[in-house]
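Spelled out from the first residue to the last, the chains are:
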Amino acid sequence: MNTERVRLAEIAAVSTPKIRLATVWLGGCSGCHMSFLDLDEKLLELAERVTLVYSPIADVKEFPEGVDVTLVEGAVANTENLHLAQQVRSRSHLVISFGDCAVTGNVPGMRNRLAMEKVLDAAYGTGPQRPPNGDGVLPALLPKVLPLHQVIPVDGFLPGCPPSAQRIWDAICTLLPPVPPLAGPEAGDERSLS
Ligand code: SF4
């Protein structure tokens, strides 16, 4: 990050309220979150502009109220995904379908061609015990894996498997409040970039 961008981030931090950002991991491989972490040094700039209120990379147990923007990775594959997606929708101003699994069902949706019993047998075998599906320990699989927008209304789509870090950055930047304009040095304003 060059000096000017650092200064812009500092100025934004003191003059622009931070937005409350969340990221959620449903039925996906976490690759979209890995791509998010590939923002690398831009994460420092982002930290000046947002407060991360819920994420797999933050130790927060309950999805909070009053979230401004939530990025949702993964398809809706089981009852736990469904419950969290509905909670996200009711507690977020903007919900973004983040990555191809959320947008189309993608990899987890490949099981939709098979009967659910065959999927469970393939994963757990056909031993004397019933496969752990909705047994109170593991959530029950839904009959079909669904893209996010078929479960809750979404406000935007960020496709890619995974979306590149640059695409994630561009999308987030469009959602951030604009940085206030800078006064010129002739105005004696200490916020100038010189
Ligand atoms: Fe993983 Fe690709 Fe799905 Fe993202 S879109 S969760 S990278 S399979």
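Owing to the predicted nature of the structure, the values given are computational and were not obtained by experimental measurement. (Residues numbered from 1 in each chain as written. Predicted model: local features only at pLDDT ≥ 70, side-chain atom pairs only at ≥ 80, totals over all residues.)

Colleague: Even after reading the chapter, I still don't get the site of the ligand, so can you show me in this structure?
Modeller: Around the ligand, 13 residues are found, and the nearest of them are G28, G31, G99, C101 and C161. For the shell around the ligand, a count of residues per class yields 6 nonpolar, 5 polar and 2 charged. (Near = placed C-beta within 6 Å. Nonpolar A, V, L, I, M, F, W, Y, C, P; charged D, E, K, R; others polar.)

Colleague: Looking at this structure, how should I read the sheet that holds strand 7 (residues 156-158)?
Modeller: Sheet strands pair by backbone hydrogen bonding; their relative direction is either parallel or antiparallel. Reading across the sheet, the 5 strands line up as 2-1-3-5-7 and stay open at both edges, with parallel pairing between neighbours. Since the sheet does not close on itself, it has two edges, and those belong to strand 2 (50-54) and strand 7, each with one partner. Ignoring which end each strand starts from, the neighbouring axes of this sheet average 30° apart. Two strands pair when backbone bridges link them, and strand 5 (residues 92-98) and strand 7 are joined in this way by 3 bridges, in the parallel orientation. Each residue of the ladder has a partner; that of I96, found in strand 7, is G156. Strands in contact with helix 4 (residues 79-91) are strand 1 (19-25), strand 3 (67-73) and strand 5; relative to strand 5, the strand with the most contacts, it is inclined by about 135°. (Pairing = 2+ DSSP bridges. Helix = DSSP H or I, 4+ residues; strand = E, 2+ residues; numbered from the N terminus. Axes fitted to C-alpha atoms, helices over the stretch in contact; angles between N-to-C directions. Contact = placed C-beta atoms within 7 Å.)

Colleague: Any chance you could explain the nonpolar core here in plain terms?
Modeller: It is characteristic of soluble globular proteins that their nonpolar side chains tend to be buried jointly. Of all hydrophobic cores here, the largest spans 31 residues; its most connected members are V72, A75, V76, I96, F98 and A102. It is strand 3 that provides the largest number of residues to this core, a total of 4 residues. Setting aside its immediate chain neighbours within four residues, F98 contacts C32, L71, V72, E73 and L158. (Core = buried A, V, L, I, M, F, W, Y, C linked by C-beta atoms within 7 Å. Buried ≥ 20, exposed ≤ 12 C-beta atoms within 10 Å, placed from the backbone.)

Colleague: Sorry, what's going on with the pairing of strand 1 here?
Modeller: Each regular strand displays side chains that alternate between the two surfaces of the sheet. Where strand 1 meets strand 2, 4 bridges bridge the pair, whose relative direction is parallel. Bridging from a neighbouring strand, I19 pairs with V50 of strand 2. Sheet topology places strand 1 next to strand 3; 5 bridges connect them, and they run parallel. Across the sheet, W25 pairs through a bridge with E73, a residue of strand 3.

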